[in-house]
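Breakdown of the fold
Listed below, chain by chain, are the residues.
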Amino acid sequence: MGLKAYLNDIVEAVVTTAKGMRITARYGVDPREEVTLQYPEERWEIPQGYRGFLHNDIKTCTACNMCVKVCPVDCISLESVRGADKKMVLCSYDINIGRCMYCGLCVEVCPVNSLMHTPGYEMASVTRGELILHFITEDAAEIKARVARQVAEAAAKAAALAAIKAVEVPSSGTAGPPAAGTPKPAEAQAAAKAAEVPSSGTEPTPAPEKKG
Amino acid sequence: MTTRTDALPTQEMTINMGPQHPSTHGVLRVILTTDGEVVTRALPDVGYLHRALEKIGERVTYAQYMPFTDRLDYLAAMNCNCAWAWTVEKLAKIEVPERAEYLRVIVCELNRISSHLIAFGSYTADMGAFTPFLYAIRERERVNDLFEMLCGNRLTYNYARVGGVSGDAPPGFLEKTKEFLDYFEPKIDEYNNLISYNKIFVHRLANVAVIPAEDAVAYGLTGPNLRGSGVPFDLRKDEPYSVYPKFDFKVCVGTGERGTLGDCFDRYMVRINEMRESVKIVRQAVARIPDGPVRAKVPRLFKPPVGEVYFRSECPRGETGIYLISDGSVNPFRLKIRTGSFVTMSIFEKVTRGLMIADVVAVIGSFDIILPEIDR
Amino acid sequence: MEALALSLVHAVPPLAGVPLWTVTLLLMVVAAAVILVFALTFEGVGSLVLRKVAGDIQARIGPNRVGPNGILQFLADGVKLVLKEDIIPANADRLLFKLAPYFVFVGSFAAFVVVPFGVGLIAADLNIGIYYVMAVTSLVVIGVLLAGWASNNKWALLGGMRAAAQIVSYEIPVGMALIPAVLIAGSLSLQDIVRSQGGLLGIFGWNLFHNPFTFFSFFLYFTAAQAETNQTPFDLPEAESELVSGYNVEYSGIRFGLFFLAEFGDMFIVAALSTACFLGGWNVPFFHVGTLPWIWGNLLSLGVFLTKAFAMVLIMMWVRWTLPRLRVDQLMRMAWKYLVPLTFVNLLGVSLWLLVFRGKGIPGMIASLFG
């Protein structure tokens, strides 16, 4: 290469280096150019709508199963039984936040807005079991038993009421011995009702580990 | 180059640029066969990040698949979300409200800026200048703040929905976007002064891995890699989709300004210039965004008509095309994703012949590949 | 040393029975220990300052948790390195693997003994000072080659070979760029070179301003020496992002610590040499430091010297965080096609200047105009 190109090379190298060094020098001496947030003493202000950990307001939840169906990674699991007033009663509601990918589809689809995101993002745990959030603290079997009792009581009441009604009404043409249509003994009916407790819980596959 | 006499035989060395390497942009394994410092063969070995995304698509519903597209190219998650949404809408012929399309364009272009920032930052870090990487990350954090305000997450946004977007822009979002653009545009000049035209950086990139235009087209390169070789093909202009025809922007093409046309420097400069064009697009979109709904009514258990569709969109790393076959049920029958990075790797072996090991790093950086896209 | 030993024996009568060579040896050991402590402290604090400067330039804070403002970070790093497991790869050459860090560290530390810290503060005022430094810092090449080979790792081997080629190539411009200072002073001893820049000319007595050729010499020396010490933009042997740390990839614990410390030691040597040869060393402007009482003179000159040397170290760090790194063939091209011809031309220029102007520099000539 010619002498001119050679010297040009040197000059260009020096000039571009100097330009770059001027920029880094400005950053080096200007104290306003620090963008570090000293966590955990300083924290980022979480904006509205941040998709943090999930929280379900159990009192509002109707156990409709929409969140369970829509979750792409099957991290929500719930068990519910039909209660005495024909509405579903939650026996257990678990979210495995270790599995959750915070996509927000479950919150979007909840019809009663009981499931929502919280601004929480810090829950380092030692075992995976700690990452399963149980929103119902009572034992599921106890709830089921209690609901079964309630249903049985309601059924008994209903049967008793029906029996009273049947006796009160002077039926025409049925003064003979009880026909097949008349209600069976109340206890048998209640027992029958109690036996068919519908448990419409859905277990995720595979079930989350409950160790820990 | 080296001249060898026959009296001194040399042996080739096989080095493994393993899945764990600081500059392979992910878990890419390259098996290098070198003669000293000169590479005779560089064989990429991909698959370390395969997560069966396409198979997962057959088990979940169309709406449930959206978060998985986030993980397809996590640096340009908005683009992948919108690509999936556009594909399904094309199949089912769903009309998307205009405000939703404008919001999609805004977030896609902002994400293009942040993706190119990472490309720029990690490329300069691979070349040894550690400072621009941190400046790029600082800018990117501001974009992430905007996205956090908009959809609640900083990396895996899950923002687009079939039929629109998940939520409207909160009050203050458009003003903050404008603020960010005003802050960011002079920074591009600062980066050019700091590193882009630095003699050492130019020397590392110029005349390295020249890809002529015919080769680029023949091997299926797309996006900045294709435009760096001088081919002015940009899906946003040549096969426009969404509301892109309404915006005025240039297609950035490599010009061979510091070496040969189609070398690493051209591909790098195309990305820098594309950031400027994206800023332009977002400014126009923010100024002209109409009011209205942001989501079309789509049935909860969405069942598109039977058929197949292919939709391609311009993602920061090339063209992301999704081929979707539907059999009328709630789950897709088959979906195949064609990503820019995967096809770019096809030219890798050809282009690295005769380069030095340090240049292999430069080539990987100039292609701006990302492994989740390659391995899916 | 011998003179000091003699005066010590005379001053402290109980030592009269001890043979002189023992006292001299003891004094040498004490001096070496003092220098070692200084070197290690500088290397530790230097690593912290490097990270803080990096933080400032990169719009963030450096380490600030250990001790106020992170001052004790290097102690934490040191303790961590010492407590780490000592891993030697299975098929590595054990003897060479263990030997390599010592070569590198000795190569860097042995040059500390001729650094002129102050008027009377020099561990050994060898009359071949600069020659000695050039020779001893070449030991680093052996250490790096050993490390690259003995690690039984192709990446390390590549790093070691690159390092050897680089360091050996850049020895020539470094030497050639230092010779103008030697020519002006007329001696290889570093104290003589520093004294030749003293006097009433103040700052303009520095070799930097002596003539335009020495001005360029300084920058050529600085550039070439930055390559000698494997700093970015010449840090190919340990290119973090390409060779995954090059020749010290298999080293862990305090063995890695020795490489790391040697790098900072080399940085200080470069800074000290450039200060001593071009920036006036420990000379205080417009002042003869020798006229002060022994302790104040030494303290003042030490302070001046350290300020200048640390400023040079900071400049090296500043350049390090700004520039990308050169590829190995570009590095060699720069050494042989740019630095070597330029330093030779420089040397020729300085020699001709000294011949024509009889050893006077530009400030000297201007001063003599005014009488």
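Quick caveat: nothing in here was measured; it's all calculated off a predicted structure.

What counts and how
- Numbers given for residues are sequential positions, taken from 1 along each chain in its written order.
- Lettering for chains starts from A, numbering for ligands starts from 1, and both go in the order in which the items are written.
- Side-chain atom pairs in this predicted model are given and counted only at pLDDT of 80 or more, local residue features only at pLDDT of at least 70, and totals for whole chains, interfaces and linings cover all residues.
- Think of the side-chain values as coming from all heavy atoms in the structure, minus any hydrogens and water.
- Per the convention used, a helix needs a DSSP run of H or I reaching at least four residues, while a strand needs a run of E reaching at least two, with both numbered from the N terminus.
- Here the radius of gyration uses the C-alpha set of atoms, whereas the globule reference equals 2.2 Å times the residue count to the power 0.38.
- Throughout, a residue-residue contact means that at least one pair of heavy atoms, one from each residue, lies within 4.5 Å.
- As annotated, the domain borders come from an automatic or database domain assignment.
- Defined here as a combined quantity, buried area equals the accessible surface (1.4 Å probe) lost by two parts on assembly, summed across both.
- Under the scheme applied here, a residue whose accessible area is under 20% of the maximum for its type counts as buried, over 50% as exposed, and between as partly exposed, the area being computed with a 1.4 Å probe on protein chains only.
- Here the rule is simple: two strands pair whenever DSSP picks up at least two bridges between them.
- To get an axis, fit a line to the C-alpha atoms, keeping to the stretch in contact for a helix; angles then go from 0 to 180 degrees between the N-to-C directions.
- How far a helix is expected to stretch is found by multiplying one less than its residue total by 1.5 Å.
- In what follows, salt bridge is the name for a side-chain nitrogen of Lys or Arg lying within 4 Å of a carboxyl oxygen of Asp or Glu.
- Polar contacts, as counted here, are pairs of nitrogen or oxygen atoms within 3.5 Å of one another; within protein the pair requires one atom able to donate a hydrogen and one able to accept it, and residues that are adjacent in sequence qualify only if both atoms are side-chain atoms.
- Each angle is binned into one of four classes, with values under 35 degrees roughly parallel, values over 145 roughly antiparallel, values of 65 to 115 roughly perpendicular, and all other values oblique.
- By the definition used in this description, the sense in which the near helix is turned from the far one sets the handedness, with an anticlockwise turn below a right angle giving left-handed and a clockwise turn giving right-handed.
- Throughout this entry, Asp, Glu, Lys and Arg are counted as charged residues, while Ala, Val, Leu, Ile, Met, Phe, Trp, Tyr, Cys and Pro are counted as nonpolar. The remaining residues, Gly among them, count as polar.

Focus: the overall build of chain B
- Looking only at helices and strands, chain B features 15 helices and eight strands.
- In terms of overall dimensions, chain B is globule-like: its C-alpha atoms have a radius of gyration of 21 Å, near the 21 Å expected for 376 residues.
- When its C-alpha atoms are laid out on the principal axes, chain B stretches across 80 × 45 × 35 Å.
- Long-range contacts, defined here as pairs at least 24 residues apart, represent 71% of the contacts in chain B between residues at least 6 apart.

Some remarks on the domain arrangement of chain C
All names here are of chain C.
- Assigned domains of chain C: these are domain 1 (1-82) and domain 2 (84-369).
- Taking the mean C-alpha position of each, domain 1 and domain 2 sit 19 Å from one another.
- On the domain 2 side, the residues contacting the 20 residues of domain 1 number 23 residues.
- Each partner contributes to the roughly 2100 Å² buried at the junction of domain 1 and domain 2, and carbon and sulfur atoms together form 83% of this total.

So, the pairing of strand β3 (residues 88-96) of chain A
- Of all nine residues that make up β3(A), seven are buried, and the element is covered over most of its length.
- The hairpin formed by strand β2 (residues 76-82) of chain A and β3(A) contains five residues between the paired strands, and K86(A) there has a positive phi angle of roughly 70°.

Overview of the sheet that holds strand β2 (residues 29-35) of chain B
Residue and element names in this part refer to chain B.
- Reading across from one edge, β1-β2-β3 is the order of the three strands in this open sheet, with antiparallel pairing throughout. The open sheet has two edge strands with one neighbour each: β1 (13-17) and β3 (38-45). Within the sheet, the average angular offset between the axes of one strand and its neighbour, ignoring direction, is 20°.
- Taken together, the five bridges between β1 and β2 define a ladder with antiparallel strand orientation.

Points about helix α6 (residues 139-150) of chain C
Residues and elements named next belong to chain C.
- With twelve residues, α6 extends 17 Å between its outermost C-alpha atoms, agreeing within 8% with the 16 Å of an ideal straight helix rising 1.5 Å per residue.
- Every buried residue of α6 is accounted for by V140, V141, G143, V144, L146, A147, G148 and A150.
- Each element contacted by the buried residues of α6 is listed here: α4 (94-109), α5 (129-137), α7 (154-185) and α10 (253-278).

Concerning unusual backbone geometry
Residue and element names in this part refer to chain A.
- Residue P40 is reached from Y39 by a cis peptide bond, and omega for that bond is 5°.
- Within the secondary structure layout, P40 lies in the loop between α1 (3-29) and β1 (54-56).
- Backbone geometry places Y102, a non-glycine residue, at a positive phi of 55°.
- Summarising the element assignment, Y102 is placed in the loop between β3 and α3 (105-109).
- Here the phi dihedral of N113 falls at roughly 55°; this positive angle occurs in a residue that is not glycine.

Let's talk about the interface of chain B and chain C
- Listed per partner, the contact involves 34 residues of chain B and 25 residues of chain C.
- Across the interface of chain B and chain C, roughly 2600 Å² is buried in total on both sides, 63% from carbon and sulfur atoms.
- Summed over the shared surface of chain B and chain C, the number is one salt bridge.
- As a salt-bridge pair, R327(C) and D359(B) come within 2.8 Å of each other at their nearest N and O atoms.
- Counting across the interface, chain B meets chain C through six residue pairs in polar contact (both at pLDDT 80 or more).

A closer look at the sheet that holds strand β5 (residues 132-134) of chain A
Residues and elements named next belong to chain A.
- Reading across the sheet, the three strands line up as β2-β3-β5 and stay open at both edges, with antiparallel pairing between neighbours. Each end of this open sheet is capped by a strand with a single partner; those strands are β2 and β5. Shown here is a sheet whose adjacent strand axes are inclined to one another by a mean of 15°, direction ignored.
- One ladder, built from three bridges, connects β3 with β5; its direction is antiparallel. Within β5, the residue paired with I95 across the bridge is L133.
- Relative to β3, helix α4 (residues 140-168) is tilted by about 165°, and along the sheet it contacts β2 and β3.

Section: the interface of chain A and chain B
- Chain A puts 31 residues into the contact, and the matching count from chain B is 31 residues.
- Both faces considered, chain A and chain B share a buried interface measuring about 2500 Å² in area, 51% of it formed by carbon and sulfur atoms.
- Counting across the interface, chain A meets chain B through six salt bridges.
- Here K199(B) makes a salt bridge to D9(A), at a shortest N to O gap of 2.9 Å.
- Elements supplying a minimum of two residues to the side of chain A that touches chain B: α1, α2 (66-70) and α3 of chain A.
- Ranked by residues supplied to the side of chain A that touches chain B, first place goes to α1(A) with eleven residues.

Notes on the pairing of β2(B)
Residues and elements named next belong to chain B.
- Here seven bridges tie β2 to β3, and the two strands are oriented antiparallel to one another. Counted as the bridge partner of V30 is P44 from β3.
- In this antiparallel pair of consecutive strands, β2 and β3, the connection spans two residues, and G36 shows a positive phi of 75°.

Re the pattern of salt bridges
- Under the criterion given, the structure shown has 47 salt bridges over all chains.
- Taking the shortest distance from any N to any O, the salt bridge between R26(A) and E190(B) comes out at 2.7 Å. With R26(A) in helix α1 and E190(B) in helix α6 (residues 173-196), the pair connects residues from two separate chains.
- E190(B) sits in the buried class, given a relative accessible area of 14%.
- In this structure, K55(B) engages E58(B) in a salt bridge whose closest nitrogen and oxygen atoms are separated by 3.4 Å.
- Judged by relative accessible area, which is 26%, E58(B) ranks as partly exposed.
- Taken together, the salt bridges that share partners define one network made up of E109(B), R112(B), R227(B), D234(B), R236(B), E274(B) and E314(B).

Section: the environment of M176(C)
Residue and element names in this part refer to chain C.
- The residue M176 is located in helix α7 in this model.
- A relative accessible area of 18% places M176 in the buried class.
- It is 9.7 Å that separates the C-alpha atoms of M176 and V345, two residues lying 169 residues apart in sequence.
- Every residue in contact with M176, bar those within four places of it in the chain, is listed here: T343, F344 and L347.

Topic: the packing of helix α4 (residues 98-126) of chain B against α6(B)
All names here are of chain B.
- Look at α4 against α6: their axes get within 13 Å of each other, and the N-to-C directions meet at 25°. What the angle tells us is that α4 and α6 run roughly parallel. In this structure, α4 meets α6 at a crossing whose hand is left-handed. Contacts between α4 and α6 involve I106, L110, I113, L117, F120 and T124 from the first element and L174, T177, F180, F184, Y191 and I195 from the second.
- Tallied by class, the residues present in the contact of α4 with α6 amount to ten nonpolar, two polar and no charged.

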